[in-house]
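Now for the letters of each chain:
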Amino acid sequence: MFRVTEVVKHLLVINILMYLGTMLLGDPSHGTSLDLVNEKVTDFSLWGRYRLAMFFPTSDYFRPFQIVTHMFMHADIGHLFFNMFAVFMFGPPLEATWGPKRFLFYYLVAGFGSVLLHTLVRGIEIYWFGESIFAANVPSLGASGAVFGLLVGYGMLFPENRIMLLIPPIPLKAKYFVLIYAGVELFMGLGNLNTGVAHYAHLGGALFGFLLILYWRKFGSRL
């Protein structure tokens, strides 16, 4: 019988409370956001709740706590819903298999791995490929990197389980779903499509989740 496991329940609660609580800090207007990115103004407080998002380390807006807080921040209710729905769907089977400590460790490794790859790619874009230095002032936020780690974990542990797609509405084995989704993200990232989505953060979560499972399979886990 399906149930929400303990760590998953706490992750859902923390993300929802963070979203509701940080709404009190407010969002900058579109014009203010552009001015903050382009350094026409540099008042960090004007970012409102986006102060808890992740900025590139060379940005004047970067703060070390953002490495953690950005994973529990979401841009809007839709962003929050789809990420938490994925945690709700794919998290419990993994936690039930691994146990709470191992599951939480995996979730955080995927989340930190996602921001690591995203930051690395952003640095390459700025310093090697001539991206504007103001790109360092564009914030990133969300649990999507950790969620992609969950997708990979589910695909590796339950490869034959079938997932019902929405478009088209057909069942697909988990192992194929993960490969297709990761391939689409890589294509969109390389093609610089839909720049509002941090594709390499998604791929980073998937990659670090994949590598951690391989490590556990070979050397085991003390958790």
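Not measured: the values here are computed from a predicted model.

(A) Quick peek at a nonpolar patch on the surface. A surface patch of nonpolar side chains, amounting to about 440 Å² of accessible area, comprises F81, F82, F85 and M89. The topology assignment puts F85 in helix α4 (residues 77–98).

(B) Representation of the side chain of T119 within the structure. Here T119 is to be found in helix α5 (residues 100–127). When its relative accessible area of 19% is taken as the criterion, T119 is described as buried. For T119, the contacting residues outside a window of four places in its chain are M54, F56 and P57.

(C) Representation of the packing of α5 against helix α8 (residues 199–219) within the structure. Orientation of α5 relative to α8, taken along the N-to-C sense of each, is 135°, at an axis distance of 7 Å. The angle between the axes of α5 and α8 places the two elements in the oblique class. Two packed elements cross with a definite hand, and for α5 against α8 that hand is right-handed. Seen from α5, the contacting residues are R102, F105, Y106, V109, A110, G113, S114, L116, L117, H118 and V121; seen from α8, they are Y200, A201, L203, G204, G205, F208, G209, F210, L212, I213 and W216. Taken together, the residues of the contact of α5 with α8 break down into 15 nonpolar, six polar and one charged.

(D) The arrangement of the side chain of S114 in detail. Secondary-structure assignment places S114 in helix α5. For S114, a relative accessible area of 4% gives the class buried. A distance of 2.6 Å separates a polar atom in the side chain of S114 from the backbone oxygen of G111. Non-local contacts of S114, meaning those with residues more than four positions away in its chain, are made with G145, Y200, A201, G204 and G205.

(E) Just the packing of aromatic side chains, in detail. Scanning the model with the defined rule gives 14 aromatic pairs in all. Members of the aromatic cluster, each reached through a chain of ring pairs, are F44, W47, F55 and Y61. If you follow R63 out to its NZ or CZ, it ends over the ring of F44, 4.1 Å from the centre.

(F) Broad picture of the pattern of salt bridges. With the rule as written, the count across this model stands at five salt bridges. Residue E6 pairs with K9 through a salt bridge whose shortest N-O separation is 3.2 Å. Residue E6 and its partner K9 are both found in helix α1 (residues 6–22); the two are separated by three residues, about one turn of the helix. For E6, a relative accessible area of 43% translates into the label partly exposed. In this structure K9 comes out as partly exposed when scored by relative accessible area, which is 38%. In this structure, the salt-bridge partner of E125 is R122, at a minimum N-O distance of 3.5 Å. Of this pair, E125 and R122 both sit in helix α5, three residues apart, roughly one helical turn. E125 sits in the partly exposed class, given a relative accessible area of 26%. Connected through salt bridges with shared partners, the residues E160, K173 and K175 form a single ionic network.

(G) Highlighting the nonpolar core. Membership of the largest hydrophobic core comes to 35 residues, with the highest contact counts inside it found for V87, F90, W98, F103, Y106, Y107 and L150. Secondary-structure elements contributing two or more residues to this core are α1, α4, α5, α6 (144–157), α7 (174–190) and α8. Considering each element in turn, this core owes the most residues, eight residues, to α6. If near-sequence neighbours (up to four positions away) are discounted, F103 is found in contact with V7, V8, L11, G91, L94, E95, W98 and L150. V37, W47, Y50 and F62 belong to the second largest nonpolar core, which has eleven residues in total.

Cut-off values and rules
Residues numbered from 1 in each chain as written. Predicted model: local features only at pLDDT ≥ 70, side-chain atom pairs only at ≥ 80, totals over all residues. Heavy atoms only, no water. Patch = residues over 30% accessible without salt bridge, like charges linked within 9 Å, V, L, I, M, F, W, Y side chains within 5 Å. Areas by Shrake-Rupley, 256 points an atom, 1.4 Å probe, with all protein chains shown as cover. Salt bridge = Lys/Arg side-chain N within 4 Å of Asp/Glu carboxyl O. Helix = DSSP H or I, 4+ residues; strand = E, 2+ residues; numbered from the N terminus. Buried < 20%, exposed > 50% of the residue type's maximum accessible area, 1.4 Å probe, protein only. Contact = heavy atoms within 4.5 Å. Axes fitted to C-alpha atoms, helices over the stretch in contact; angles between N-to-C directions. Parallel < 35°, antiparallel > 145°, perpendicular 65-115°, else oblique. Left-handed = near helix turned anticlockwise from the far one by under 90°. Nonpolar A, V, L, I, M, F, W, Y, C, P; charged D, E, K, R; others polar. Polar contact = N/O pair within 3.5 Å; in protein donor to acceptor, adjacent residues only side chain to side chain. Phe/Tyr/Trp six-rings, centres within 6.5 Å; stacked < 30°, edge-to-face > 60°. Lys NZ or Arg CZ within 6 Å of the ring centre and 35° of its normal. Core = buried A, V, L, I, M, F, W, Y, C linked by side-chain atoms within 4.5 Å.

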